[in-house]
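Each chain, letter by letter, is given below.
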Amino acid sequence: MAASGPQSSASEQAWLEAAKTFIQQTLCPSGKEPNNQLTQSVIDCVKMIWLTKGENQGFILPLSYSFVSVQTLKTHQHLPCCSHLSWSSNVYQAWVQRAGPNGNALPREELLLLGTLTDLSEDLEQEYRSGNLYVKDNTGILDCELIDLDLSWLGHLFLFPSWSYLPPAKWNSSGKGHLELWGAPVPVFPLTINPGPLTPISVLYPEKASLLLRLRKKHKVSESNLAGKLVRLSALVISQNKGYFILTLGELSPADSQVGSQVSIIVQIPAQMVWHRVLRPGRSYVLTRLRITKTRSHHYYIWTTIPSSDLMLLRPDCVQELELERWFLEADLRPLPPPTLTESQDRMGQEDLVRDSRVLHYSGTVTDVLNESACLYILDGQLILCLAYQQIHDLRRVIRPGVCLELRDVHLLQSVGGRGSRPVLALCLHGTILLRGFSHQKPETLSPFQIHGASLYEQLVWEYQLGLPLYLWATKALEELACKLCPHVLRYHQFLKHSSPGKPSLGLQLLAPFPAVLKTACIRHAHSEILEEPHHCPLQKYAQKQIPYTFPTLFTLAKEGQRRAWATFDPKALLPLPEAAYLTSSQLNRHLGWSWLSVLPSTFQPAQVLLGVLVASSHKGYLQLRDLTASLPCLPLTKNSQPLADPRLIGVKFRDGKIVMLGGCLVRAEKFQLVIEREVRSNFPSWKELGMADFIQKKQARVYIQFFLSDALILPVPRPSIDSVILSSSPQSDPSCPEESHLGQSRLFLLSHKEALMKRNFCAPSGASSELPDPTLSFHVSGSWLCGTQRKEGSGWGPPEPLGVENKDQKVFLIFLGPSVRWFALLHPGKVYRLVAPGPSQTPVLFKAESSSGTSQRPLELAGCVSCLTIQDEWTLELGRSQDIPDVLEISRALPESSLTHLLSDNFPDSLVSFSAEILSRRICEPPLARRRIQPGNAGTVKACVKLTVALEMADCEFPPHLDIYIEDPHLPPPIGLLPGARVYFSQLEKKISRSNNVYCCFRSSTSMQVLSFPLESTIRDPLPHIYLAELLQRGWAPLQATTSCHVVFVFSLQILWVCTYCTSICPQGRCSRQDLTCPAQVAISQASIRLLVEDGTAEATVTCRNHLVAAALGLGPSEWTSVLEYARGPGKVALQFRGPGAQPESPGKIHEPLALFLWTLCTSPSVIRPIMLSFELERRSSDVTPLEPSRLQQFQSGEFPLLTRVNPRLRLVCLSIQEPEHPSSLEAFASSF
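Residues numbered from 1 in each chain as written. Predicted model: local features only at pLDDT ≥ 70, side-chain atom pairs only at ≥ 80, totals over all residues. Heavy atoms only, no water.

Enquirer: Lay out the overall build of the chain with the relevant residues and their values.
Expert: The secondary structure content of the chain amounts to 24 helices and 64 strands. Within the chain, the fraction of its 1234 residues that count as buried is 50%. Restricting the contact set of the chain to residue pairs at least 6 apart, pairs at least 24 apart contribute 73%. When the accessible surface of the chain is totalled, it reaches about 58,900 Å², and 53% of it is carbon and sulfur. (Helix = DSSP H or I, 4+ residues; strand = E, 2+ residues; numbered from the N terminus. Buried < 20%, exposed > 50% of the residue type's maximum accessible area, 1.4 Å probe, protein only. Contact = heavy atoms within 4.5 Å. Areas by Shrake-Rupley, 256 points an atom, 1.4 Å probe, with all protein chains shown as cover.)

Here you go:
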């Protein structure tokens, strides 16, 4: 409905006055009189567009619209918007619907935009034109994009009826927004129509133009005009701040437009760069005044434009074909072949290339943005679009979901890997990308990772020249790394920083510290890539699924460790038959109680690389690797058996008495072990139920990481990033360099002993509450001060305060509790450390015995210690340097170890011992009888205990003795790294002697340990040594396990039992014989044992064989042995005692029972009394302190003469395996060879 006349007239008059003022200020030349013609032309132009709109409601002017200048858009329009003067509401709503169901369409503003369309930037000279388009008025200039450009539009004033404006994103360093011009602009003044040339232009078509190139030496060509259909348009290449592109013309007839009938033209005049926006493949053009030139660095001759060259559409009535001279026509008319690959270039990059990509044309719509900085997008929801191999700096701001693109000569690659299984479209310099439609949607809010690092990605493509599979992998890997570290450890811009010569960026160092990973497939040459045939570029050939490795998050690693813990848990594999068939329920479940496995990176597909920030836990006391997803305990070692001891690696810093930084370095390791320790509580009745998971009551897994420092790349974390994240300090101060960091006191000490990390009780300070304090996680260290207190002087430490003669070698006792337990994993005996207390140097001297700042929670005075200090939270530790004081190098830093005599003798019970050893086995067991404790309220339950069997490392000891170590509460769970095969230094274990006179050790509060080496990755063990039995008597320390060739002399005893798996009572007929019915189940298992006398001509030995080895000793096969066990099930027990050559059964009345008679006959037959190959271990343990049995006098009869000789005691052996000799004379052959 139209408005009333007077009101309408007043509104229109006001609108016209505002329009005149705007036009005068923004469009008229400054300092000149108002241009009424310009004003009227603008208003007429606006009226014309407005009146074509179907919903103008009777108004002849768009009164709701206001004029906007370029400067106003740039300074006041902070949100994306669009304006469509000629659109009705219905048209706009339909346009919004095409934006998608998410309601993300550009909002409509009623603004009128006018300006001059130009390709000349505001601050640049003409020769530096780059082909960009701009809209400018008197207030400023603004970048713009136009879908279809006409060269006649440049330099003219236009009204833009449909446009959208996108302000610069916050991350955009250039700070420039841009316009997207929908449709053709409307000229304010009519454009001059070029009538064309007065006479037809003489032109050469591609066939003859190619011939002229070949015959250029015979016939000098000054300038020529070329005409033809545009068949190919290359990318716009910017090199050394100069741009160029190459277009290829073909014959007008489709049948003649073959490769041989094509000619290429290079355009490199700055003012002609805008042609790249005009040219459209499939259209026919004329290019005037072309010359022949030779490309730089490549000896290619090609047609080129000059500054006076023109570009125009081909009109047949305006051109005529140039007639060549007769000798041209008689020459070979075969066109000049295009440049081809040289032999060296053809060989370049052929390794590992499997497939050829397809080159095609494709049109589609961008549906998602994978990584804007890396130029990765999703096309039509199905294809990955990679534009990284072109230079699309200005086009990148336009590409977002909803943009329609036409891709010319694009490469299609399939099964590339790195970004899933989607096919990939990628453009090299040979092809081009054409904008076919702007997006209706507002720009999405991208994650910081998607908008940073453009220069780094360009570096991967243009400097490292990665092929597409490696590039996709690199972008994905950098994304994984960013998820692990950004933004709380690193800022995105720090992580994705461009690398400079000699200073690779942090992201690139973590991605590939060794350049071989980023080995280039080929060297790119722009001219070759565009001109050569057959086409050769980094996208032409590719290897499928080329993924060197991945960077899993620590959460993923921990989750994978938990998954593998139970996916690989098979009780039948851990307890294989036949051993498991003879174990009682308690033995069976204890064997299953603890197990472990190690996962190497190579077992993953693809291989995985470990990455995290090394920190020290102030709650647990061990080292951790952390990222933004999780943390995992870790155990780093040096390959010279030294632990991590430098506190600088965890980078602890304090400010105002609070920790402001934890994590001083990034650790990247391709070689590491993911260790998984499994603990299972089960109640399997017997081996037959091992496949039933219902008998598992509780299970848990502990996952941690082991690695060598020499196998890891260790990089410092940029300090400003961490401080800026963790501290919320004022911008005026720099928290990374507080003034207090240049003040403080320190003192050097030598650490001699470290005690266990455990919860301890402390005496409450005077005046504290009468309530008993809770036990606190803590540990103690003892050592000696090496010098007096030193004060901070500049960046170093001043001279130490003098010590009196009575204060030399004074001992110190340090207490670490609360947050200071983070130092536990970094403190090791034999190392020199500097204890640092920050603060002004005018404060009283710290580190003294009566210093109140260190003794607020000091325990009772310890004998022999001059100083007893509680480490404060803000104190830090540094690794001491040998040059700090003169006599540090003279201090013995060797780890103290007890002598073998001290360890394996009964003269020093309940003493503290230290030694290095290799762990042979680890099991869950009951505590030793002397140390067994009952849980309160459950008198029938005994607490679990961890038993380590170790082989002592002693000098000049070929066969190290074995020892058992027990770990009980409160030292459970044991520290990480106590694995079979690991070498460990144990300090101040308590030595005990068992009831069977064996030496064993226990963890106590004074105990500490240090892992010296990890278990070997290979599980192949050396074969057992082959010896004579007499050698076991001659050596001081004999091998605990060996093999020997011997002969069975006779059998001492044989026993077969069927016992209850729970109470081990005899089970006649398979039923428990216990009378009180307290046995929870009636499950019976068989057990057997036999004692043999063997000799090898040098000595005798009694050998005990148990369970399945009894069958081997009796020479029975599996089926025969099973029958024997089944016959023994009835009585439940069969026992035979042999004395001399005959046998006397345990119960004389049962000698005629068939089974006993069979076994008696068998034990005295040659089937048992035979030569064997025996593998054994000593029954007497190396830690047995029982005196050895002396040799005895024995009389022998030699004819008529009695002989009295001294005979060595019989050895006691336990059978490990029995094998038959290879041939009957093996024993004699072995003796003769000896």
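Enquirer: Describe the environment of Tyr65, listing the residues and the values that go with them.
Expert: Tracing the backbone shows Tyr65 in the loop between α2 (36–51) and β1 (66–68). Taking C-alpha positions, Tyr65 is 8.4 Å from Glu109, a pair spaced 44 residues apart along the chain. Beyond its immediate sequence surroundings of up to four residues, Tyr65 is in contact with Trp15, Trp50, Ser83, His84, Leu85, Arg108, Glu109, Glu110, Leu111 and Leu112. Among the polar contacts made by the side chain of Tyr65, one reaches the side chain of Arg108 at a distance of 3.3 Å. (Polar contact = N/O pair within 3.5 Å; in protein donor to acceptor, adjacent residues only side chain to side chain.)

Enquirer: Can you break down unusual backbone geometry residue by residue, with the values?
Expert: Geometrically, the link from Leu577 to Pro578 is a cis peptide bond, its omega value of 5 degrees lying close to zero. By the secondary structure assignment, Pro578 is in the loop between α16 (571–574) and α17 (585–591). With an omega dihedral of -5 degrees, the bond running from Leu972 to Pro973 counts as a cis peptide bond. Following the sequence through the fold, Pro973 ends up in the loop between β52 (962–967) and β53 (983–993). You will see that Asp380, though not glycine, has its phi angle at about 55 degrees, which is positive. By the element assignment, Asp380 lies in the loop between β21 (376–379) and β22 (383–386). You will see that Asp409, though not glycine, has its phi angle at about 55 degrees, which is positive. Along the chain, Asp409 falls in strand β23 (residues 404–413).

Enquirer: Can you break down the pattern of salt bridges residue by residue, with the values?
Expert: Summed over the entire model, instances satisfying the criterion amount to 30 salt bridges. Residues Glu145 and Arg397 are paired through a salt bridge, measuring 3.3 Å at the closest nitrogen-oxygen approach. Of this pair, Glu145 sits in strand β5 (residues 140–146) while Arg397 sits in the loop between β22 and β23, placing them 252 residues apart in sequence. Judged by relative accessible area, Glu145 falls into the buried class, the value being 4%. (Salt bridge = Lys/Arg side-chain N within 4 Å of Asp/Glu carboxyl O.)

Enquirer: Go over the sheet that holds strand β38 (residues 712–716), please, and point to the residues and values.
Expert: Read across the sheet, eight strands follow the order β28-β36-β37-β32-β31-β30-β35-β38 without closing on themselves; strand pairing throughout is mixed. What marks the edges here is a single partner per strand, and that holds for β28 (594–599) and β38. Within the sheet, the average angular offset between the axes of one strand and its neighbour, ignoring direction, is 35 degrees. (Pairing = 2+ DSSP bridges. Axes fitted to C-alpha atoms, helices over the stretch in contact; angles between N-to-C directions.)

Enquirer: Describe in detail the state of the cysteines, supporting the description with residues and values.
Expert: In the structure shown here, the tally under the stated rule is zero disulfides. Free cysteine: Cys483, not disulfide-bonded; nearest cysteine sulfur from Cys486 at 8.7 Å. For Cys483, a relative accessible area of 46% gives the class partly exposed. Looking at the unpaired Cys634, the closest cysteine sulfur is the one in Cys665, lying at 9.3 Å. Residue Cys634 is classed as buried on the basis of its relative accessible area of 2%. (Disulfide = S-S within 2.5 Å.)

Enquirer: So, the packing of helix α10 (residues 454–462) against helix α11 (residues 468–485): which residues are in play, and what are the values?
Expert: Here α10 crosses α11 at 155 degrees, and the two axes come no closer than 11 Å. The orientation of α10 with respect to α11, classified from their angle, is roughly antiparallel. Viewed along their axes, α10 and α11 form a crossing whose handedness is right-handed. In this structure, α10 uses Leu456, Tyr457, Leu460 and Val461 to contact α11, whose residues at the interface are Tyr471, Ala474, Thr475 and Leu478. The residue makeup of the contact of α10 with α11, split by class, is seven nonpolar, one polar and no charged. (Parallel < 35°, antiparallel > 145°, perpendicular 65-115°, else oblique. Left-handed = near helix turned anticlockwise from the far one by under 90°. Nonpolar A, V, L, I, M, F, W, Y, C, P; charged D, E, K, R; others polar.)

Enquirer: Can you break down the side chain of Thr39 residue by residue, with the values?
Expert: Mapped onto the fold, Thr39 is located in helix α2. For Thr39, a relative accessible area of 10% puts it in the buried group. Residues within four places of Thr39 in sequence aside, it is in contact with Lys20 and Ile23.

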